[in-house]
Amino acid sequence: MTKTITYIFPVYNNAPSLQLLYDEMRSKVIDKLAKKYSYEIIFVNDGSKDNSAEVIRQLVAKDKHVRGFLLSRNFGHQAAVSAGLDRAKGEAVIIMDADLQDPPKVCLDLVKKWEEGFEVVYAQRRVRKDSFFKRLTANVYYRLLTSLSSVDIPRNTGDFRLIDRKVVEVVKNMKEYHRFLRGMYSFAGFKQAPVLFDRHARHAGKSEYTLKKLLRLAKDGVFGFSDAPLKLATRLGFSAAFIALLGAIYAIASKLFFTVNVPGWAMIMVAVFFMGGVQLIMLGIMGEYIARIHDEVRERPVYIIDEELNPAVD
Ligand code: UDP
Ligand code: MG
């Protein structure tokens, strides 16, 4: 029996590029691999506001290897990919952007590495064409995340990657509500390897990763994979206590050895505000974790499927 490769595309307002995406996938990847592998294409419509759902319907109607899952609203990129992973049937799964930023032909390299025995093959950007701001923040963020958490998340890597069935099963069984997939693949382990590529400019439309969504993803990475922020409380507490001790020594010394009358007003104000600030920050950090515990215990679904198009594929 020939093995199947599943291609998952999360779709949010990508209607203008979907047909071209399908054509390119067929001509540049799928047809070239046709002798060795069968294919399955999964489009997960993440509550798009344009007519992406209609375009997906047309693609499903034309090709029986294409499946569509229409979510009931916008659940976010990580949730949409999770929906695809949960239903993928292939022995290998490739996750790609639906806006043609990830060049289809790179899939051939991903598959080659997979054939060499690697279970996670991630596409790593050779150069980032993003804005200076995005490059800088991404750099600082990844450095921070790697130093804070125990999982090593490769740099300059997005969600574009191939993962083996073994890893798909592991990730499917991780039921966490706040999903940071890159961290979850790293957590899973297995043999991992990079493939270098150049990312394209977007084919159409604008980035749907708004600053708000990016910040949420960044927080999911830190709070989901590190308890360092919680430990910050102890460190800040000790530092503050140490500073207070120095202050006390100074106060006693000045009382004993100098006759000057120290008003000390400024010092007290600084100390009060400093301690207040530290306590509020720590409360906020505790709140982050508690909110996450709350979200996890509710066990709400990560995504809700409204309609399945072509759920059965041979
Ligand atoms: N996406 C999604 N839900 C969202 C935002 C984005 O499914 O709420 C999808 C989008 O359709 C695309 C991928 O996630 O296939 C990456 O999004 P985008 O291209 O906007 O991000 P960028 O490439 O700028 O990081
Ligand atoms: Mg994109």
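Summary of the structure given here. (Residues numbered from 1 in each chain as written. Chains lettered and ligands numbered in written order. Predicted model: local features only at pLDDT ≥ 70, side-chain atom pairs only at ≥ 80, totals over all residues. Heavy atoms only, no water.)

With that out of the way, let us pick up the coordination of the magnesium ion (ligand 2). Asp 97 (OD), Asp 99 (OD) and Gln 101 (OE1) make up the full set of protein donors to the magnesium ion (ligand 2), lying at 1.9 to 2.7 Å. Sequence spacing among the residues donating to the magnesium ion (ligand 2) works out to D-x1-D-x1-Q. On the accessibility criterion, Asp 97 (19% relative accessible area) is buried. A relative accessible area of 4% places Asp 99 in the buried class. (Donors = N, O, S within 2.8 Å, 3.2 Å for Na, K, Ca; no water. Buried < 20%, exposed > 50% of the residue type's maximum accessible area, 1.4 Å probe, protein only.)

Between helix H6 (residues 165-172) and helix H7 (residues 181-188), the shortest axis-to-axis distance is 10 Å and the interhelical angle comes to 115°. Crossing of H6 over H7 shows right-handed handedness. Mapping the contact onto sequence places Val 167, Val 170 and Val 171 in H6 and Leu 181, Met 184, Tyr 185 and Ala 188 in H7. By residue class, the composition of the contact of H6 with H7 is seven nonpolar, no polar and no charged. (Axes fitted to C-alpha atoms, helices over the stretch in contact; angles between N-to-C directions. Helix = DSSP H or I, 4+ residues; strand = E, 2+ residues; numbered from the N terminus. Left-handed = near helix turned anticlockwise from the far one by under 90°. Contact = heavy atoms within 4.5 Å. Nonpolar A, V, L, I, M, F, W, Y, C, P; charged D, E, K, R; others polar.)

A separate point is helix H3 (residues 77-87). H3 sits mainly inside the fold: nine of its 11 residues count as buried. The complete set of buried residues in H3 reads His 77, Gln 78, Ala 79, Ala 80, Val 81, Ser 82, Ala 83, Gly 84 and Leu 85.

The next thing to look at is helix H5 (residues 132-148). The end-to-end C-alpha distance of H5, which contains 17 residues, comes to 24 Å, matching closely the 24 Å that a straight helix rising 1.5 Å per residue would cover. Here H5 has its buried residues at Ala 138, Tyr 141, Tyr 142 and Leu 145. Buried residues along H5 cover an arc of 100° about the axis, so they all sit on one side. Along H5, the residues that are exposed and aim more than 90 degrees away from the buried face are Phe 132, Phe 133, Val 140, Arg 143 and Ser 147. Residues of H5 that are buried sit in contact with strand S6 (157-164), H7 and helix H8 (211-225). (Expected span 1.5 Å × (residues − 1). Arc of directions from axis to C-beta.)

Looking now at the side chain of Asp 46. Considering the arrangement of structural elements, one finds Asp 46 in the loop between strand S2 (37-45) and helix H2 (52-62). The buried charged residue Asp 46 lacks any salt bridge partner; its closest oppositely charged side chain belongs to Lys 213, at an N-O distance of 5.8 Å. Of the polar contacts made by the side chain of Asp 46, one reaches the backbone nitrogen of Gly 76; its length is 2.9 Å. For Asp 46, the residues in contact, after removing those within four places along its chain, are Val 11, Tyr 12, Leu 71, Arg 73, Asn 74, Phe 75, Gly 76, His 77 and Ala 80. (Lys, Arg positive; Asp, Glu negative; His and termini not counted. Salt bridge = Lys/Arg side-chain N within 4 Å of Asp/Glu carboxyl O. Polar contact = N/O pair within 3.5 Å; in protein donor to acceptor, adjacent residues only side chain to side chain.)

So, on to the sheet that holds strand S8 (residues 305-309). Spatially, S7-S5-S6-S4-S1-S2-S3-S8 is the arrangement adopted by the eight strands of the open sheet, whose pairing is mixed. One side of each edge strand has no neighbouring strand; the edge strands of this open sheet are strand S7 (192-197) and S8. Averaged over all neighbouring strand pairs, the angle between strand axes comes to 20°, with direction disregarded. Taken together, the nine bridges between strand S1 (residues 3-11) and S2 define a ladder with parallel strand orientation. Bridge pairing in S2 places Lys 3 opposite Tyr 37. Against the sheet, helix H4 (residues 106-115) engages S1, S2, strand S4 (92-95), strand S5 (120-125), S6 and S7, with an angle of about 45° to S6. (Pairing = 2+ DSSP bridges.)

Turning next to the packing of aromatic side chains. Throughout the structure, instances matching the rule amount to five aromatic pairs. Both rings, one in Tyr 37 and one in Trp 114, keep their centres 5.8 Å apart while their planes meet at 45°; by these two values the pair is tilted. Placement of Tyr 37 in strand S2 and of Trp 114 in helix H4 is noted, with a sequence separation of 77 residues between them. A relative accessible area of 11% means that Tyr 37 is categorised as buried. (Phe/Tyr/Trp six-rings, centres within 6.5 Å; stacked < 30°, edge-to-face > 60°.)

Among the nine residues in S2, eight count as buried, and that is most of the element. Chirality of the crossover, the property in question, places the unit of S1, helix H1 (residues 15-33) and S2 among those that are right-handed. With respect to chirality, the unit in which S2 leads through H2 into the neighbouring parallel strand S3 (residues 66-71) is right-handed. (Right-handed = clockwise from strand over helix to strand, strands pointing away.)

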